[in-house]
Amino acid sequence: MKHTISLMLCVAAMSCVASSDSSPFASGGASGGYAQSDLSGSWIGKLTPADPSEQFRLFYFNAAVDGLVSEAADSVGHEWHDVNANIVADLLPDGEMSMSLSLNLGHKKLQLHGQMADSMANINGEYQYDNVAGISVKGTFELHMSEGDEYFTNLDYSGSWSGGFGVGRLHNQRLLTFELDQAGNVVSGTLMNTVTGEEIHHYSVGAGNFVVDNTLNGRINNFVLVADDGSFAECDFLLVDIDLKLIAGIGTDSEVGAAVIEVRR
């Protein structure tokens, strides 16, 4: 009898272990696997070059409920839309993600390869960007799910921001500085030629504001900045870092011309 009871207890214990192993929660937050639809939503983050002398750029993409990526953009003026670009994004059952975005018959190609976290709220990995000249930039990326329409509202922009107009590959030696209030309105600012020391433009109160229009992606659309001398700078869009460390995009100044614009705090 004692042997029979012991055998029954062993069988019961083994059954419990098997039940535990087959639990849908055994593999973590992905409930045992990922689906393409887990990409749905708005993802924001940054691309950080492997070269430590290069600064990170902002990046986002939006995917529909089926997980198909419909649009993406970065803070140096690149945009990809499913109607005029080649966008391929796949999420495998193990959470491995690969994405390829290209324009101009394959030129200006951005490729990302990473891993979605168990929480399904973060994706981290490596990227490679190839420009029209065939030059590649490699590095790492980090993306996280936007928390909704209120994500980029009520940000505190107050303080000093500085950077360049014509930074990066253009290297035209112009320093752009701003003093912003809490709401992102320009209090004052200057655009200086750092070689000659000449002030190109001065900006006073009311010259412009950096309030985000698209609060899912941190995007300012149709940005306009008017200098005291009447010249103006326009950008189709600027991207804002959720940590308020960077505001950047491509713009055109009516006097200076086209350039990359970025300011950091």
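First, a word on what this report is: a plain description of the structure on this page. Quick caveat, the model's predicted, so the values are computed rather than measured.

Criteria and thresholds
- Residues numbered from 1 in each chain as written.
- Predicted model: local features only at pLDDT ≥ 70, side-chain atom pairs only at ≥ 80, totals over all residues.
- Heavy atoms only, no water.
- Helix = DSSP H or I, 4+ residues; strand = E, 2+ residues; numbered from the N terminus.
- Buried < 20%, exposed > 50% of the residue type's maximum accessible area, 1.4 Å probe, protein only.
- Contact = heavy atoms within 4.5 Å.
- Areas by Shrake-Rupley, 256 points an atom, 1.4 Å probe, with all protein chains shown as cover.
- Pairing = 2+ DSSP bridges.
- Axes fitted to C-alpha atoms, helices over the stretch in contact; angles between N-to-C directions.
- 1 Å grid on protein atoms, 1.4 Å probe; cavity = no way out; pocket = protein on both sides within 12 Å on 5 of 7 lines; lining within 4 Å.
- Points joined across faces, edges and corners; volume = space filled by probe spheres on them.
- Nonpolar A, V, L, I, M, F, W, Y, C, P; charged D, E, K, R; others polar.
- Patch = residues over 30% accessible without salt bridge, like charges linked within 9 Å, V, L, I, M, F, W, Y side chains within 5 Å.
- Salt bridge = Lys/Arg side-chain N within 4 Å of Asp/Glu carboxyl O.
- Core = buried A, V, L, I, M, F, W, Y, C linked by side-chain atoms within 4.5 Å.

The helix and strand tally for the protein stands at one helix and 17 strands. Of all 265 residues assigned to the protein, the portion counted as buried reaches 40%. Residue pairs in contact within the protein that sit at least 24 positions apart in sequence constitute 43% of those at least 6 positions apart. Summing over all exposed atoms, the protein offers an accessible surface of approximately 13,600 Å²; the carbon and sulfur share of this is 54%.

Our next topic: the sheet that holds strand β12 (residues 186–193). Spatial strand order, β13-β12-β11-β10-β17-β16-β15-β14: eight strands in an open sheet with antiparallel pairing. In the strand order of this sheet, the two ends are held by β13 (199–203) and β14 (219–226), each with one partner. Here the strands of the sheet are splayed against their neighbours by 20° on average, with no regard to which way each runs. Bridge count between strand β10 (residues 159–165) and strand β17 (residues 257–264): four bridges; the pairing is antiparallel. Bridged to Gly164 within β17 is Glu262.

If you walk through the whole model with that rule in mind, you get one cavity of 30 Å³ or more. Reported here for the largest cavity is a volume of approximately 70 Å³. Along its surface, the largest cavity is lined by Phe165, Leu176, Phe178, Leu191, Tyr203, Phe210, Phe223, Leu225, Ala233, Asp253 and Ile261. At the level of elements, β11 (174–180) and β14 are the ones that each hand at least two residues to the lining of the largest cavity. For the lining of the largest cavity, the class distribution of residues is ten nonpolar, no polar and one charged.

Quick look at the environment of Phe165 now. Note that Phe165 resides in strand β10. Judged by its relative accessible area of 3%, Phe165 falls in the buried class. The spacing of Phe165 and Ile261 is 96 residues in sequence and 4.7 Å in space, taken between C-alpha atoms.

Pairing analysis gives seven bridges linking β14 to strand β15 (residues 232–240), with the strands arranged antiparallel. Following the sheet pairing, Arg219 is matched in β15 by Leu239.

The next point concerns the layout of surface pockets. Space left empty within the atom packing is revealed by a probe, the size of a water molecule, rolled over the atoms. Taken as a whole, the second largest pocket encloses approximately 150 Å³ of empty space. For the second largest pocket, the lining is made up of 16 residues, of which Ile44, Gly45, Leu58, Asp241 and Ile242 are closest to its centre. For the lining of the second largest pocket, the secondary structure elements donating two or more residues are β1 (41–49), β2 (57–63), β9 (136–145) and β15. For the lining of the second largest pocket, the residue count by class is eight nonpolar, four polar and four charged.

For the rest of this paragraph, the subject is a nonpolar patch on the surface. A surface patch of nonpolar side chains, about 220 Å² in accessible area, is lined by Val224, Val226 and Phe232. With respect to the secondary-structure elements, Val226 resides in strand β14.

Here we come to unusual backbone geometry. Its identity is not glycine, yet Met120 carries a phi of approximately 60°, on the positive side. Along the polypeptide, Met120 turns up in the loop between β7 (109–116) and β8 (122–130). A positive phi angle is found at Asn222, which is not glycine, with a value near 50°. Mapped onto the elements, Asn222 comes out in strand β14. Residue Asn222 is classed as exposed on the basis of its relative accessible area, which comes to 60%.

Glancing now at the environment of Lys108. Structurally, Lys108 is set in the loop between β6 (96–102) and β7. Expressed as a C-alpha distance, the spacing of Lys108 and Gly134, which sit 26 residues apart in the sequence, is 8.4 Å. Other than its neighbours up to four places away in sequence, Lys108 contacts His78, Trp80, Leu101, Ser102, Leu103, Tyr129, Asp130, Asn131 and Val132.

Tyr157, Phe178, Tyr203 and Phe210 are the most contacted members of the largest nonpolar core, which totals 38 residues. Broken down by element, the residue count for this core peaks at six residues, all from β15. Filtering out sequence-adjacent residues up to four positions away, Phe210 remains in contact with Tyr157, Phe178, Leu180, Gly184, Val186, Ile220, Phe223, Leu238 and Ile247. Core analysis: the next-biggest nonpolar cluster, separate from the first, contains 26 residues, Tyr34, Ala63, Leu91 and Leu103 among them.

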